Structure formats: C-alpha cells, structure tokens
Amino acid sequence: MSDMTSMAKPAFLKRLDPAVTTAFVCIFVLLLVGSIYSRNFLSPEYLLQQLKVASFLGVIASGMMLVILLGQIDLSLPWVVTVGAMTSSAIAGYGDAGAILAIPFGIFCGMVIGLVNGVGVAYLRIPSMIITLATNAVAQGLMVVYTGGFSPKDSASPAMRYLATGFTIPGIPNAVICWAVVGAGTVFLLTRTTFGRAVYGIGNRERAAYLSGIDTRRVVMIVFAISGALAAFGGVLLAGYASKAAQSMGDAYLLPAIAAVVLGGTSILGGRGSYLGTVAGVMLITLLQSILSVMQMPEFGRQIIYGIVIVGMLLLYGRERAHR
Amino acid sequence: MKDWRFWVAEQRGTLMAVGIFLVMFIIYSSNHPAGFTANVVQTASNKGVLLAFVAMAQALVVITAGIDLSVGMIFTLTNCLASWVVVGSPIQVAGGIVLVLLVGALCGAINGAIVIYGRLQPIVATIATGAVYFGIALALRPSPGGSVDETVADALTGRIFGYIPASLVALLVVVLVVWVPFSRSVTGRAAYAVGSSEPAAYMSGVPIKRAKMTAYTLSGLLAAIGGLFLTFFTYTGDAAYASGNAYTLFSIAAVVLGGVSLFGGRGSAIGAIFGALAFRTIGDLLFVFDFDPLWQPLFQGVVLLIAVSLGAFGLFRVRNRLDWFG
Amino acid sequence: MTGVAPLFRMEGVSKRYGGVRALEKADLDVNAGRIHAILGENGAGKSTLIKIMAGVVAPDEGRMLLDGREVTFASPATANDAGIVCIFQELSLIPDLSVADNIVISHPPTRFGMIDRGKQRRIAEEALARAGAEDIHPQMLVKDLPLSRRQMVEIAKALARKPRILILDEATSALTAADVSKIFVVLKRLREEGLALLYISHRMHEIAELADECSVFRNGQKVSTYAAGTKSDTDVIEMMIGREYKNVFPPKPAKAASAPVALEARSLSWTDRLKNISFSVRAGEIVGLGGLDGQGQRDLLLALFGVLRGCTGEVLVHGQKVSISSPAMAKGGKIGMALIPEDRKTEGLMLPMTVRDNLSFASLDRISSGGIVNRDTEGALIDSMIKLLAIKTAGIDIPVGALSGGNQQKVVIAKWLMNQPRIILLNDPTRGIDVGTKQELYVLLRKLADEGAAILFYSTDYDELIGCCDRVLVLYDGAVKRELAGDAITEKALIASALNIDMEGAAMQPAELA
C-alpha cells in the first residue's frame, strides 16, 4: 500500500488537493503508529490483508462518493448492502442457473432500490436524506419478511466466494481487483465522460446545469442507481467473504463510507472531490479500525477514538470558510 | 387577508402533523381489541413520548438548517448513565437526574461547538460525535443492566388521576418549559432566521452563533430527557447500537412528518412531536390488525415512503421548471 | 459645510482580497442632512467601501471616525448599533419569517424575555408607513412577496433601526417607477430630519435629482468629490472610466428584410404573466425587449427556452413549428438556441469550477463522442473562444469565480457560443459589468448577427436598446405594447411605451421616468 501512495503522488502532485495530501500523510502516520504496536504491521502479508478488507468498503464508498458529489446522501446503504448479500445468496441456492445469476441478481436488486431513490430525488424532488431513509426501511422490511427475522440459511455461491477470497493473479486478492476495476471505472466516469462533468456541475449548482441543457434529473437518477448497484455489489462480496449473508450486516458500513468520502476531501455539499481522495479515505478508515483492533482496544474505546480521529482530521482540513 | 389566515399558513406543517396523528390514532384506538381505554392510551403514550423527545431534539437542530445524527446516541448514552446514577436517596436521585440532563446538554453543546467554531458540516460532525457518545455508553454498560429509582420511574410512567398518562404530562411540561420560551425568545427567532438564510441573518445582525449553540445544547438536553424516560420505562441501561441508530433515523422521519423543513427555517417542535406520535401509531397499526409482527418494518417503511412522496404532488403545480431547484 | 466636523469620516482605508486591491487609501466625509452619491464602475471599490462602513468586512488599514471618535465595527450588528444602517443590493431579508419579524430582526421588542408580538406589530406598521409601503401586510411571509415589495420591506427595516447614517446600495434597482418616486419623497424627508444618506446608483437621473454632493471612485481609489450639479454627465463618466467617453455602439448595418425568419412566436401565453405575444426575429437581426423591469421579459425568454410549463400558442423555429420542453431540447442541433441567463452567479456559471469545465458545459455533445470527452477538440474550441471574446484569465484550469465580473459574463456567453447557436436569447447580459466589457459585447453581438444569428436581447438599459437593436418590442404587463424600429427607437419613445402612456404625456413628466 505504501508503494501505491508513492506511485500515485508524483503524477497527481500538481493538481493534488491539500485534503488528499493530508489524508495520505495521516495514512503514513497510522502505519508508523501501527508498527510500534506490532512488527507485523508493515509486513506485505498484513498490508495485503488490509487492502483486501479495504476493498469492500472501497466498492461501497465509490457509489456513496458519486452521490455526495451531487450534494446528496444515500442513507439506504446499510440495507442495500444486506439486500445485495441476501438476494444473491438466496438465488445461489437454485441450482446451476442460480449459481450463475447470483451475482448479477444481487447487484440488480440493489440497483432497483437505487433507482427508486433516484426517481424520488430527481423527479419527485424529495430530499435525499428522507427518501433514502424510507427505502432503507422498506428494504429492511422486505428482508425481515423474507428471512423471518433470522439470519438466512442460504450460503454464498462458489463464484461469490471466489470473487471475495480467491486469487486470479497470484499475490493479489480478487477483492482488490474488484475494487481496482470499480475505481478505474469511477475515475474514468468522473474525469473523461460528459456524465462525470454533469455530476460535478449538478453538485455545484443544479439550476445552472439545467439551464445549460443538461438533463439533470436523468443524471441524478442514474447516479443513485449506480450507488445502489455498488452497495449491493459490496454486499455480494461481503457475503462471499463470510460465505453467507447476515441480518444488518450493512449497518457497519454507512458511517465508514461517508467518513471515507469526506476524509478524502470530497465536499459533503457536493461538486468538489477526487476519487484519489476517496481511496485515501477508505485506506485511512480501514487502517484506523485495524490499528484499534491490533491494540486490542475494547469496542467502546474503538468507537471513541474512531469518532475523535474523524473530527480531528476534519478540523485539520475539512473546515468551511469563515464569514469574513 | 385576515390575521388568522396568516397564522394558519405559517403553522400549516404543524397542523398537518396533528391531523395525520389524529386520523392514525382514531384508526388505531377504534380497532384496538381493548378499545379506547386508559391502559391503551398509557401504553401508546409511553412508547410515543420517547420518540417525541428525540424528535423535538432533532427539530431544534433542523430548524437551524443543521442535522443531528448523534441524537440517538445521546439518547442511548444518557440511558446508560441514568441506569447508574438515578438511584439511592431522594437527593441522590435528584442529583442523578440533574447530572444526566447536564451530560445530555454537554453532548449537544459539543456538537454545537464543532459545527459553529470548528465550521464542520453538521452531518459529518455528528456522525463522528455519535460514535464517541456510543463508545462512552458502551463503556458505561458493556452489557445491559443497572437499575433506576422505581418510585420516580413508576410515577413518571404511570397515570395521574387514573386516566392521564404521566409521560404525556411530562412531555407537556417540557414543551412549556423548554420549547415555548425558546421559540418566543430573540434567540429562538434567530435560530429560525439562521435556518432560513444564514447570509441574510448575518447581514441583519442576528446572533447566529448564540442561536445555533442554544439549539444544539437544548437538543442534547431534550435527547437526555428522552434517555431518562427510556430508563424509567425499562429500569435498565442498554448500549444498543441498533436502537440508538433507529432513534436517530426515526427522529428525522418524525421531523419530516411533523412539517419541519429539512432546509431549515420552517416548522416547530410541536409539529415534530405529533410527527413522532403519528409515526409510532403507524408502526402499531399492524399490531391491532393482528398481522405478523414480521411485517411491521416493511409496513412502516412503505407508509413512510408514501408519506414523503405525497409532498411531491405540489410539483404538478410548478409552472416554472426552475422552481424545482429551490 | 466647511468648519463643521463631519458626522462620519474615513481616512486612508484600504482592503485587499488575495492579491487584488479592492480599496486603496480611501477618504470620505459624510455630513448630516446631506445626500452623498457614490459613483463608479463595478469593481471601482464602492461595494467594498460600504461593506467596511457597515461592518460586513474589516479594513486592512486606515481609520474611521464617528462624531470625531475613532470606531471599529466587528460585525454588521455593531455598525447598526452605532447608527450606520445599510440597505444592501443582495437582500438581507429572511425568507421564512414574516415582514414584521424581519423589520424588528436585530432588536425585537421583548417583555419578560420573550418577544412582544403586539409591540412588534406596531413598530412594523409604523416603519412600513414611513417607507410608504402601507399596502404590505406585516404578517405576510417575505418569501411570498414579489421582489419590488421585498425591497420596500428592506427599506422599512432600515428605517425601523433609527439610523443616523443610511446607506442605499442600488436600493432602487428592483423597484417600479411608482415606488422609486415614493422612496425619493421618503429620502428627502429623512434628509430634512438630519440623517446622512449615502446613495449608490448607476442611474444618473436619480443622482441628479437627489444628491447634494458626489464622490467618484475608480480602481479602488477616490478620484474626486464635488458638489452636485457642478459637472456634466460626460465629465462624470470620463472620471469613472478614466478615459475619453466615446460612442460605444457599433454601426447598424442597412436592414436586410429578405433574410429568413429564424424565430417566430404566435400568441404565446403563460399563466397571467405572458399574454398573446407574437413577434418574429430574422437571421442577422438584433431584436430588443424593452419596458420596465418585470413586465414579462424574463418569462418570455424562459418560455422560448423550454423552461416554463403550460405555455399556449405556437413557436416556430426556422419556419418549423416546435414544442420545446427543456433547455436540453432547445440547444439541440435542430433548434440551436442559447440563453444567456439573468444571474451569472447562480444560473450561468458554477463559480468553484474551472474555466474549462464551465466553458464546455453547454456543448458537451459537441466535444465528445459516445459520452467520452475528447480533450483535444475541447481544448481547441476553448482556445478559440478565449481568443474570440478576449477573456482575461490566468489559465483555463482556475476557478471561474476568480475572474472579474466582466470576464465571468464573457465566459457565460462563450460557453454558449461554443455550441454555435443560431438563435441567441440574452437576459440583461450587461448588468453589473464595466463599460469596457460592455462595449466589447456590443461589437460581438453585432458580429454574431452579421454572421447570421438571430438575437433576442432583453436589457434594462435604454441606451443599449437604442444603440444595439434593429427593432425593439416594448412589453407591459406581459403583453407586447409597441414595436419600435430603426430611427423610431428613441429614449422618449421607449419610456413612453414602457409606462404605457402616449408620447405627449411622457414629455411632460420626465422626472418620474428614471
């Protein structure tokens, strides 16, 4: 991972956001702190393991970043992750066809929920915080009814397990490759396409974007659909990682996903942010969680330090301008 | 136009919330197997009051165009704290209650300070402080337990004169002591002004920082009152992450149902209270219709989805498409 | 005047934003019982001057004296308490509060720590009456009031603070002629009462009528202070722009009546704001929209651009009947329309985004294939636009918000020219930009017309309509009242039809017409 940061830096140095730089510096500091506690911390195996764990959050945070760039938020993430995991595992039980369809079906279900969010935000002009809250409740309700409130017995398909835990290229976990593909796609979308330009434009000022002849509503709707699909894909990977889905397995991802995006320098008000920052944010959050567990910090201490570190880092570089 | 019409126009959101609640409650109590009895009302109000306090807490912050995603965690933290300190001699109990309220207010004040002086966006700042508050709650109660003075607890959750639920009376007292003075004070008006348009408020020489600080602090205080009541109902403290989270999310739903604009400047805590009561009643409707409780989350979600979509009908009246963008 | 110490004095006050000096060692005396006009182009430092006076921004150096004592203002509130009240160009009203709430916002009357609503109501009614706006109900929410009424509330709010120095920054720009004359009566009365008034306006007529003395600012420095009426308009304008004032409009070519009609409307109506509007614009023609502000001109442009819902009547583009339902459709190849919107900061540009992103934003289809942006095509087009409009920018990857107002407006226009529109709608494009840039825009518009574009041009500035347009449609209450062409476009004719009165009547009451 340290290789990756040093590789990324020179190419982007000129246009680098101070927030992104700070985030990478913080990653470096965390690695140092971690190595004090455990010599293993800087070993390639351990770092690779961290990267693998980060991949799940990375995939999920990619969708969240797109939504935040629009100046919106997607609070349906917890149960969309769970829906992705549960539906794909459920389908996997139906013979060969099920095994093949498991992954696409899980992602499709997430996309449908995202689409509902998108229609609500874009066409019905419902504040995203509310509509995504409502779809989250509906998704939860559907899953509770489906599973009867217990952890489902379905288990992940071999393909899901392979995607989450296997190795196609020796030494590099497939999960990391998944994140790399999603990341590359997001970077391409944001920097090279008209769609990406529209996303930034809408995040800055939707009115001006609309008057410039952009179909802003369609763009917003698609972004929410992508966010839903990526959250569900994250759920598919998580189910593959744990071999099965679990109730409220997505709860642990909402706050880290938002925190990762924001710590990476993306403005919560929309319109500003780079994917490199999100990568930094994801690694930062993952390392922080990992260090806290290496330190054998009890859960309460983890929560407290986790919160304080996020506030502290944001105070370092995430502040708004003063009035005068 | 007559003066009262302006009043109605101003209070439309709140009145709508009262209306929704009344309809829901009439459906609920008329179909309840036991009918409209003091017991039914007591149980319903005890459940509703908890969310009502948290929703009021949320409303205060939302009026300033902020959001408090830590409100459920303050609620949980104060619940855990109360399960330690609200016991013993009457003086100790009283001191414990004061301590719990102070801690809640302090949590709110910390949120306020980070948002105002740290200039962080409320949504991210309170996500982070929420984690801290939950951590403290967990440190206080790694597993559910503790106790609370039962005399006080029973007095505040029982009935007065055999009919009136004490928790409703407590809610009313809090409204009269906290909300009414706040909303009619200069600071309260400043809170509305800041929420409606911060640049204009600044230009007009409104005490922005004081208004926001007061709103966040009172919000923490109200969440603590909620936490206190939770302890009175359950007799224990429980640092349950899912429950804290649910209260945060439900408080936002209640605030919206209660006609408080998430963009700030519009609505009232009264509306939020009725929004909360309506939301709770909706959740309980399934119970009286004898459905499998498994369907409750789905039903609640669908009703919420429909409720928030209803506001979209105003869109058909929009003649200038630029109005979509506010 | 001499010998008496001024009520307020500013000495050597400077303010820099980043590297740009907005105000450089400015001195100013303000006397009680006088109306002092401040003149200058945009960017001359007027706004900075009054923002410092009103406590909105802090000066870098210099000192301010009130009654001979040195003062500093930490916030607008402290300036208010000292008796300096400013009516800002951008409104400072709270939309979700009532008129009465807004009027008493800084010092609401209280009883037992709570706001006394009865007393508040009385204060509000009294202030509204003093401002000549008794027609506004104090319990109305401000957001439900039209712009001109809000401006009246703003003035009432300022008066309720019992100011000693009242600053009006373009306070009349949104008002109807009737309101302006009411306000003038109020202002003259306040002068009698011994207030000091600082009056900032671009309208020379208003200054001529009101001011006792004038100060001219240029490039952040005060050029001169003189007693009103001692300098001619031409002298004043030359002081403002710092060079000789010459005719700024390019010559109009002889009319080519044979060119095809590019845009035609037939009894276009929308709610009660547009009524049976019919007109046509030929390729190569510049058609102006005149009339008082707020008579439906903006709505007409938005209706043509597909923003308004529920329009009736027909619109024909290049002879074909079309039904445009969104800006996306309007800018498409078949129609080729462009709209330079009213407010460049919220509708034309995304200020934090780069010049590059802003310029390409309306023509993404043109610089991409399959949704992927071709950076070379984009770069080449942007370069040509920056050259064509002579946009002054430190590079195309800096935020557009860092550019001056005039250059920002050029970016708005350039972003649409990149799409090679055949029909160009402009909504008051020269508002708030300096004379030099204006002149460049006039030349550009004529050039575009000569190249075959059909231009519909709304302006609040009569000189512009006269100097630029081949024909002018004058709107009144949502309908076309009059069409003027060629030499018939005169100030007198424009004003008369704007007020919907006949010419003889207009000639007799010029004072009201500003």
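A quick note: this is a predicted structure, and the numbers were derived from the prediction, not measured.

Moving on: the overall build of chain B. Helix and strand counts for chain B stand at 14 helices and 2 strands. The C-alpha atoms of chain B give a radius of gyration of 20 Å, which matches the 20 Å a tight globule of 326 residues would have. Residue burial in chain B is summarised as follows: out of 326 residues, 57% are buried. Sequence-distant contacts in chain B: of pairs separated by 6 or more residues, those separated by 24 or more amount to 77%.

Broken down by element type, chain C carries 18 helices and 24 strands. The C-alpha atoms of chain C give 24 Å as radius of gyration, which agrees with the globular expectation for 514 residues (24 Å, within 12%). Taken over the C-alpha atoms alone, chain C extends approximately 70 × 50 × 45 Å along its principal axes. Of all 514 residues assigned to chain C, the portion counted as buried reaches 47%. The long-range share in chain C, meaning contacts at least 24 apart out of those at least 6 apart in sequence, stands at 67%.

Further remarks concern the interface of chain A and chain C. Between chain A and chain C, the contact holds 20 residues from the first and 24 residues from the second. If you list the elements that add at least two residues to the side of chain A that touches chain C, you get helix H9 (194–204) and helix H10 (206–211) of chain A. It is H9 of chain A that contributes the most residues to the side of chain A that touches chain C, 6 residues altogether. Looking at the side of chain A that touches chain C residue by residue, the classes come out as 6 nonpolar, 7 polar and 7 charged.

Let us look at the interface of chain B and chain A. Every contact between the two is made by 44 residues of chain B and, on the other side, 47 residues of chain A. Breaking the side of chain B that touches chain A down by element, the ones donating at least two residues are helix H6 (122–140), helix H12 (241–257) and helix H14 (296–310) of chain B. Broken down by element, the side of chain B that touches chain A gets its largest block of residues, 13 residues, from H6 of chain B. For the side of chain B that touches chain A, a count of residues per class yields 34 nonpolar, 9 polar and 1 charged.

Residue and element names in this part refer to chain A. It is the contact of helix H3 (residues 44–69) with helix H11 (residues 216–242), at a shortest axis distance of 8 Å, that shows an interaxial angle of 170°. Overall, the two elements H3 and H11 adopt an arrangement that is roughly antiparallel. On H11, the residues that touch Phe56, Val59, Ile60, Ser62, Gly63, Met64, Leu66 and Val67 of H3 are Val223, Phe224, Ile226, Ser227, Leu230, Ala231, Phe233, Gly234, Leu237, Leu238 and Tyr241. Per-class residue counts for the contact of H3 with H11 are 15 nonpolar, 4 polar and no charged.

Here the focus is the sheet that holds strand S11 (residues 213–218) of chain C. Residues and elements named next belong to chain C. Spatially, the 6 strands line up as an open sheet ordered S6-S9-S10-S3-S11-S12, and their pairing is mixed. Of all strands in the sheet, those with a lone pairing partner are strand S6 (84–87) and strand S12 (221–227), marking the two edges. On average, each strand axis in the sheet is tilted by 20° relative to the strand beside it, whichever way the strands run. Here 5 bridges tie strand S3 (residues 35–40) to S11, and the two strands are oriented parallel to one another. Looking at the pairing, His36 lines up with Glu213 of S11. Helix H1 (residues 46–53) contacts S3, S6, strand S9 (165–169), strand S10 (196–200) and S11 of the sheet and is inclined by roughly 150° relative to S9.

Right, let's talk about the pairing of strand S4 (residues 61–66) of chain C for a bit. All names here are of chain C. For strand S1 (residues 8–17) and S4, the ladder comprises 5 bridges, and the chain directions are antiparallel. Bridge pairing links Glu11 to Arg63 in S4. For S4 and strand S5 (residues 69–71), the ladder comprises 3 bridges, and the chain directions are antiparallel. Within S5, the position partnered with Leu65 by the bridge is Glu70.

The subject of this paragraph is the pairing of S11 of chain C. All names here are of chain C. Bridge count between S11 and S12: 6 bridges; the pairing is antiparallel. Bridge pairing links Phe217 to Lys222 in S12. Here S11 folds back onto S12 in antiparallel fashion, the turn holding 2 residues, of which Asn219 has a positive phi close to 50°.

What follows concerns the packing of helix H4 (residues 77–92) of chain A against helix H6 (residues 128–147) of chain A. All names here are of chain A. Two elements in contact, H4 and H6, have axes separated by 8 Å at closest approach and are oriented at 35°. Note on packing geometry: the crossing formed by H4 with H6 is left-handed. From H4, Pro78, Trp79, Val80, Thr82, Val83 and Met86 reach across to H6, where they touch Asn136, Ala139, Gln140, Met143 and Thr147. Of the residues assigned to the contact of H4 with H6, the class counts are 7 nonpolar, 4 polar and no charged.

Quick look at helix H14 (residues 299–317) of chain A now. In this model H14 of chain A runs 27 Å from its N-terminal to its C-terminal C-alpha over 19 residues, within 8% of the 27 Å that 1.5 Å per residue would give. Every buried residue belonging to H14 of chain A is among Gln303, Ile304, Tyr306, Gly307, Val309, Ile310, Val311, Met313 and Leu314 of chain A, and all of these are buried. Here the buried face of H14 of chain A lies against helix H2 (18–37), helix H12 (251–263) and helix H13 (275–294) of chain A together with helix H5 (90–116) and H6 of chain B.

Further remarks concern the sheet that holds strand S23 (residues 471–476) of chain C. Residues and elements named next belong to chain C. Pairing within the open sheet is mixed, and its 6 strands lie in the order S18-S21-S22-S15-S23-S24. Two strands in the sheet have a free side with no partner beyond their single neighbour: strand S18 (337–340) and strand S24 (479–485). Taken over all neighbouring pairs, the strand axes of this sheet differ in orientation by 20° on average, direction set aside. Strand direction decides the pairing type here: strand S21 (residues 423–427) and strand S22 (residues 454–458), joined by 5 bridges, are parallel.

Attention now moves to the environment of Tyr146 of chain A. Residues and elements named next belong to chain A. Summarising the element assignment, Tyr146 is placed in helix H6. Tyr146 sits in the partly exposed class, given 15 other C-beta atoms within 10 Å. C-alpha separation for the pair Tyr146 and Thr87, spaced 59 residues apart in sequence, amounts to 9.7 Å.

On to the nonpolar core, then. If you look at the biggest cluster of nonpolar residues, it comprises 389 residues, and the most contacted ones within it are Ile60 of chain A, Met56 of chain B together with Leu425 of chain C. Ignoring sequence-local partners within four residues, the contact set of Ile60 of chain A consists of Leu77, Val81, Leu230, Ala231, Gly234, Tyr253 and Ala257 of chain A.

Residue and element names in this part refer to chain B. On the secondary structure map, Thr43 appears in helix H3 (residues 38–63). Here Thr43 falls in the partly exposed class, since 15 other C-beta atoms lie within 10 Å of it. In the structure, Thr43 is positioned 38 residues away from Leu81 in sequence and 24 Å away in space, judged by C-alpha atoms.

Bringing unusual backbone geometry into the picture now. Trans is the prevailing form of peptide bonds, just as negative phi is the prevailing case for residues other than glycine. Of note, the phi angle at Gln296 of chain A is positive, near 55°, even though the residue is not glycine. The residue Gln296 of chain A is located in the loop between H13 and H14 in this model. Since 8 C-beta atoms lie within 10 Å of it, Gln296 of chain A is described here as exposed. Phi is positive for Arg119 of chain B, close to 50°, though the residue is something other than glycine. Along the chain, the position of Arg119 of chain B falls in the loop between H5 and H6. For Arg119 of chain B, a count of 16 C-beta atoms within 10 Å corresponds to the partly exposed category.

What follows deals with the environment of Pro327 of chain C. Mapped onto the secondary structure, Pro327 of chain C falls in helix H10 (residues 327–330). Residue Pro327 of chain C is classed as buried on the basis of its 26 C-beta neighbours within 10 Å. In sequence terms Pro327 of chain C and Leu302 of chain C are 25 residues apart; their C-alpha atoms lie 9.1 Å from each other. Leaving out residues up to four positions away in the same chain, Pro327 of chain C has contacts with Tyr210, Leu211, Ser212 and Gly213 of chain A together with Phe305, Gly306 and Val307 of chain C.

Residues and elements named next belong to chain C. Across chain C, pLDDT averages 86, with 92% of residues at or above 70. Predicted confidence is poor over residues 503–514, with pLDDT under 50, and the contacts of this stretch with residues over four places away or in other chains come to 18 contacts. As a predicted assembly, this complex carries a pTM of 0.85 together with an ipTM value of 0.85.

Each value, and the rule that gives it
- Residues numbered from 1 in each chain as written.
- Chains lettered and ligands numbered in written order.
- Predicted model: local features only at pLDDT ≥ 70, side-chain atom pairs only at ≥ 80, totals over all residues.
- Helix = DSSP H or I, 4+ residues; strand = E, 2+ residues; numbered from the N terminus.
- Rg over C-alpha atoms; globule rule 2.2 N^0.38 Å.
- Buried ≥ 20, exposed ≤ 12 C-beta atoms within 10 Å, placed from the backbone.
- Contact = placed C-beta atoms within 7 Å.
- Nonpolar A, V, L, I, M, F, W, Y, C, P; charged D, E, K, R; others polar.
- Axes fitted to C-alpha atoms, helices over the stretch in contact; angles between N-to-C directions.
- Parallel < 35°, antiparallel > 145°, perpendicular 65-115°, else oblique.
- Pairing = 2+ DSSP bridges.
- Left-handed = near helix turned anticlockwise from the far one by under 90°.
- Expected span 1.5 Å × (residues − 1).
- Core = buried A, V, L, I, M, F, W, Y, C linked by C-beta atoms within 7 Å.
- pLDDT = per-residue confidence, 0-100.

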